[in-house]
Structure formats: structure tokens, C-alpha cells
Amino acid sequence: MRLVIMADTHLPKRARDLPAQVWAAVDTADVVVHAGDWVNEALLDALSARSARLVGVYGNNDGPELRARLPEIARAELDGLRVAVVHETGPSGGRENRCAARFPDTDLLIFGHSHIPWDSEAPGGLRLLNPGSPTDRRRQPYATYLTAEITGGRLDAVTLHPL
């Protein structure tokens, strides 16, 4: 199962559209995950139309229209892997322990908000991933998104893509 993971797209405020490389990845993915801060419903509609399966949440910059259509926390079982998606996880210090306590019975937590790529593992095995942002790099050298593969309940081939 091929995943494309993104967050903090902030369309159309930070960019007019997703980069072509991201759209190409979306077109071949089995699941697209968006960890919030869409800003505009048009991207939700476009990703819904082009994704084989879309899992998304709203972020702190998403208004009432997006909040009406998306949950604060999304959960999905993807090829045996228990996945949760949320926008904010709080400060980086203590994140692993805090998230492990908040998301028991979860194998993978995908989050956004910081625009800073993150890949770590909490005690007990919870994997935490933040894809950064494909449109607003902030203090990072590149805008980014992630791809990954899930096979038999195991997360493999996690790749950070600079744009």
C-alpha cells in the first residue's frame, strides 16, 4: 500500500496549487493523508476527486466549512497498521511520551502544524511522522512531503521528498 503524506498546504495563501510532483504522487498512491491546515475547501475537493482514498483532519487555520467536513482526529487501519492523524501535538520536547499516552493502540501517528519534518519513535513503538509542508517551508531549506509503504501491518520505505 503506497501512501502520500502531507500537511500545512495553506492553499491558496502560501501557493496557488500543490507542486506537480505532489500531484503525480497523489495520482499513483493508494492512500493520501493530509494532516490539516488546508485553508481552502477547493484542495479538499480536488484531493478527494484524485485520491483512491483520502484520510484528513482539520488544522488550526481551517475555518468552519472544513471543520464541518473533517474530524479533529482521524483513525484508519491501513493494511493492518493502526494509524491516527492529528494536526497539533504540542511542543517538540516530550512529544514521543505525550503522544504515546494520548494515542494508545496506535502504530503510526501522522501530524502537522510545525512545517518541520519529523520522524521518531516513542517508547512502546509508536512511530511519529510530520511531512513538513509542500508549499510553505518556513525555516526549512526545502518544502517537503512524505511517501511511505505499508506491507502486512509494517511501515516501510518512508521517504522525505524535498521540493
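Quick look at the structure, then. (Residues numbered from 1 in each chain as written. Predicted model: local features only at pLDDT ≥ 70, side-chain atom pairs only at ≥ 80, totals over all residues. Heavy atoms only, no water.)

As a further point, take the packing of aromatic side chains. One pass over the structure, following the stated rule, counts zero aromatic pairs. For Arg95, the ring lying beneath its charged end belongs to Trp118, and the centroid distance is 4.4 Å. (Phe/Tyr/Trp six-rings, centres within 6.5 Å; stacked < 30°, edge-to-face > 60°. Lys NZ or Arg CZ within 6 Å of the ring centre and 35° of its normal.)

Our focus in this paragraph is the pairing of strand E8 (residues 127–130). For strand E6 (residues 108–110) and E8, the ladder comprises three bridges, and the chain directions are parallel. Residue pairing in the sheet places Leu108 in a bridge with Arg127 of E8. Sheet analysis places strand E7 (residues 118–121) next to E8, joined by four bridges and oriented antiparallel. Considered in E8, the bridge of Glu121 is made with Arg127. The loop that links E7 with its antiparallel partner E8 comprises five residues; one of these, Gly124, has a positive phi angle of about 95°. (Pairing = 2+ DSSP bridges. Helix = DSSP H or I, 4+ residues; strand = E, 2+ residues; numbered from the N terminus.)

Glancing now at the sheet that holds E6. Taken in spatial order, the five strands make up an open sheet running E4-E5-E6-E8-E7, and their pairing is mixed. The open sheet terminates on both sides in strands that have one partner only, identified here as strand E4 (73–78) and E7. With direction set aside, neighbouring strand axes in the sheet form an average angle of 15°. With six bridges connecting them, E4 and strand E5 (residues 81–86) associate as antiparallel partners. Following the sheet pairing, Leu78 is matched in E5 by Leu81. (Axes fitted to C-alpha atoms, helices over the stretch in contact; angles between N-to-C directions.)

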